[in-house]
Amino acid sequence: MVTLKFNIEGGNFSKAGYASSQVKKTLKQLNIHQSLIKNIVVALYEAEVNIVAHAYKGTIQVDIAPTDVSMLVSDEGPGIENIDLAMQEGFSTASAEVRQMGFGAGMGLPNIKKNVDEMYIDTVVGKGTSLKLKKMLNNV
Amino acid sequence: MELSEIIDIVKAKLVAGNANGVVIEKGFSSDLMSDVLTIDTEKILLITGTCNVQAIRTAEMADIQCILLVRGKKANPDMIKIANENKMVILETSLSMFNTVGRLYQVGLKPVY
């Protein structure tokens, strides 16, 4: 089992994607299938951008096991008021600044879900959100 | 299509990476990085006016090796650094996105969908 941990700063777009990039490099070194790597890092990158775009700060922990990759993405932030709405493609609460960066199209959570096998959202309004993701490695 | 041919057609300047021998089959144009992250096609050219580190990170995650910045946008040093680290190509053209896409479609660059 390989574990990677990162601290993510809210609002710092120049660093957004660094953690996902490091995870991608590690997955490549472990010879994981390219299409699975893409699924994993696209989901993780969307989640990382979510922290930067919406939260004050957060952490990412990635556990790479022989059978699956588990990701825990937690933040201290505003939380999600309505998860059903947040899961709808096109719904977004992103700021104008976030939209200028090319995000905030309301595709983040739906796209994360599409790329992983399991996704659980735990959110408390005014406190923060944690996202538990799992991608199985045995079905290419 | 050879990337060198694309460079000629849209009068692009290469600011990161090496275009020699790179072959591009399809193009995708978008300023929305979230939309770029939804495609799962390889060997594509990303044509965008979004000129920031996130455009390069998005391409990195989506396994896109070549990015063409339109509307005269100039890649900043951080973008070039990340592109070089990941052996990606960044091109710049002063043409609009419509003009760029029109020219490339005309010579046979295929759409992703």
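This text follows the structure it describes.
Throughout this document, residue positions are counted from 1 along each chain, in the order its sequence is written. Chain labels run from A onward and ligand labels from 1 onward, assigned in the order the entries are written. Per-residue local features of the predicted model are confined to residues with pLDDT of at least 70, and side-chain atom pairs are confined, for both listing and counting, to 80 or more; whole-chain, interface and lining totals are unaffected and use all residues. To obtain the side-chain values, all non-hydrogen atoms of the structure were included, while hydrogens and water were left out.

Caption draft 1: Spatial organisation of the overall build of chain B. Where helices and strands are cited, they refer to DSSP runs of H or I of at least four residues and of E of at least two residues respectively, numbered from the N terminus. Helices and strands together make up the secondary structure of chain B, namely five helices and six strands. Along chain B, from the amino end to the carboxyl end, the secondary structure elements read α-β-β-α-β-α-β-α-β-α-β. Here the radius of gyration uses the C-alpha set of atoms, whereas the globule reference equals 2.2 Å times the residue count to the power 0.38. Its C-alpha atoms give chain B a radius of gyration of 12 Å, near enough to 13 Å, the size a compact globule of 113 residues would have. When accessible area is computed with a 1.4 Å probe and restricted to protein chains, residues below 20% of their type maximum are described as buried, those above 50% as exposed, and intermediate ones as partly exposed. In chain B, which comprises 113 residues, the proportion classed as buried is 53%.

Caption draft 2: Looking closely at the interface of chain B and chain A. Residue contacts are counted whenever heavy atoms from the two residues lie within 4.5 Å of one another. Tallying the contact residues gives 22 residues for chain B and 25 residues for chain A. By convention, the term buried area covers the 1.4 Å-probe accessible surface removed from two parts as they join, with the contributions of both added. Buried area between chain B and chain A, summed over both chains or domains, comes out near 1900 Å², and the portion from carbon and sulfur atoms is 51%. When residues of chain B are sorted by the area they lose upon contact with chain A, L37, Q54 and M61 of chain B head the list and together hold 34% of the total. Between Lys or Arg on one side and Asp or Glu on the other, a salt bridge is scored when a side-chain nitrogen of the former is within 4 Å of a carboxyl oxygen of the latter. On the surface where chain B and chain A come into contact, there are one salt bridge. For D63 of chain B, the salt bridge is made with K24 of chain A, and the minimal N-O distance between the two is 2.6 Å. N or O atoms within 3.5 Å of each other form a polar contact, as long as, within protein, one can give a hydrogen and the other can take it, and as long as residues adjacent in sequence are counted only when both atoms are side-chain atoms. Connecting chain B to chain A are 14 residue pairs in polar contact (both at pLDDT 80 or more). Counting only elements with at least two residues in the side of chain B that touches chain A, the list comes to α2 (33-36) and α3 (53-61) of chain B.

Caption draft 3: Examining the sheet that holds strand β4 (residues 118-124) of chain A more closely. Residues and elements named next belong to chain A. Within the open sheet, the five strands sit side by side as β1-β2-β3-β5-β4. Their pairing is antiparallel. Two strands lie at the open edges of the sheet, namely β1 (2-9) and β4, each paired on one side alone. Put simply, the sheet's adjacent strands are angled 10° from each other on average, direction ignored. One bridge is not enough; two strands pair if DSSP finds at least two bridges between them. Across eight bridges, the pairing between β1 and strand β2 (residues 57-64) is antiparallel. Bridge pairing links I8 to G58 in β2. Helix axes use the C-alpha atoms of the stretch in contact, all axes being lines fitted to C-alpha atoms, and the angles between their N-to-C directions lie in the range 0 to 180 degrees. Each of β1, β2, β3 (68-76) and β5 (128-136) touches helix α2 (residues 34-54); the most contacted strand, β3, lies at about 5° to it.

Caption draft 4: Representation of the side chain of T100 of chain B. Mapped onto the elements of the fold, T100 of chain B is located in helix α5 (residues 97-106). Given the relative accessible area of 0%, T100 of chain B is considered buried.

Caption draft 5: Fine view of the packing of aromatic side chains. Classification of ring pairs uses Phe, Tyr and Trp, with its six-membered ring standing for Trp, and accepts pairs whose centres are within 6.5 Å; under 30 degrees between planes counts as stacked, over 60 as edge-to-face, and the remaining range as tilted. Under the counting rule described, the total for this entry stands at two aromatic pairs over all chains. Consider the rings of Y45 of chain A and F103 of chain A, whose centres lie 6.0 Å apart with planes at 75°: the pair is edge-to-face. Taken as a pair, Y45 of chain A in helix α2 and F103 of chain A in the loop between α4 (96-100) and α5 (108-115) lie far apart in primary sequence, 58 residues in all. As far as the burial class goes, Y45 of chain A and F103 of chain A line up, both buried. Centroid distance F28 of chain B to Y113 of chain B: 6.1 Å. Interplanar angle 50°. Geometry classified as tilted. Taken together, the residues span a long stretch of sequence, with F28 of chain B in strand β2 (residues 26-29) and Y113 of chain B in the segment after β6 (110-111) at a distance of 85 residues.

Caption draft 6: Representation of the pattern of salt bridges in the model. Residues and elements named next belong to chain B. Going through the model one piece at a time under the given rule, you end up with six salt bridges over all chains. Here K74 and E92 are joined by a salt bridge, their closest N and O atoms 4.0 Å apart. Here the residue K74 occupies a position in the loop between β4 (66-69) and α4 (77-85), and E92 occupies one in strand β5 (residues 89-92), the gap between them amounting to 18 residues.

Caption draft 7: Expanded view of the layout of surface pockets. Definitions used throughout: a 1 Å grid over protein atoms alone; a cavity as a set of points that fits a 1.4 Å probe which cannot get out; a pocket as an open set with protein on both sides within 12 Å along at least five of seven lines; a lining residue as one with an atom within 4 Å of a point. Grid points are joined across faces, edges and corners, and a volume is the space filled by probe spheres set on the points. Here the largest pocket is characterised by a volume of approximately 640 Å³. In this structure, the largest pocket is lined by 33 residues; those nearest its centre are N50, H54, I80, T93 and L109 of chain A. Top contributing element to the lining of the largest pocket by residue count: α2 of chain A, with seven residues. Within the lining of the largest pocket, the residues separate by chemical class into 19 nonpolar, eleven polar and three charged. What the second largest pocket holds in volume is close to 300 Å³. Those elements that place two or more of their residues in the lining of the second largest pocket are α1 (18-29) and α2 of chain A together with α3 of chain B. Take the lining of the second largest pocket: its biggest share by element is four residues, from α1 of chain A. Within the lining of the second largest pocket, the residues separate by chemical class into five nonpolar, four polar and seven charged. Any residue that is not Ala, Val, Leu, Ile, Met, Phe, Trp, Tyr, Cys, Pro, Asp, Glu, Lys or Arg is counted as polar, Gly included; the first ten are nonpolar and the last four charged.

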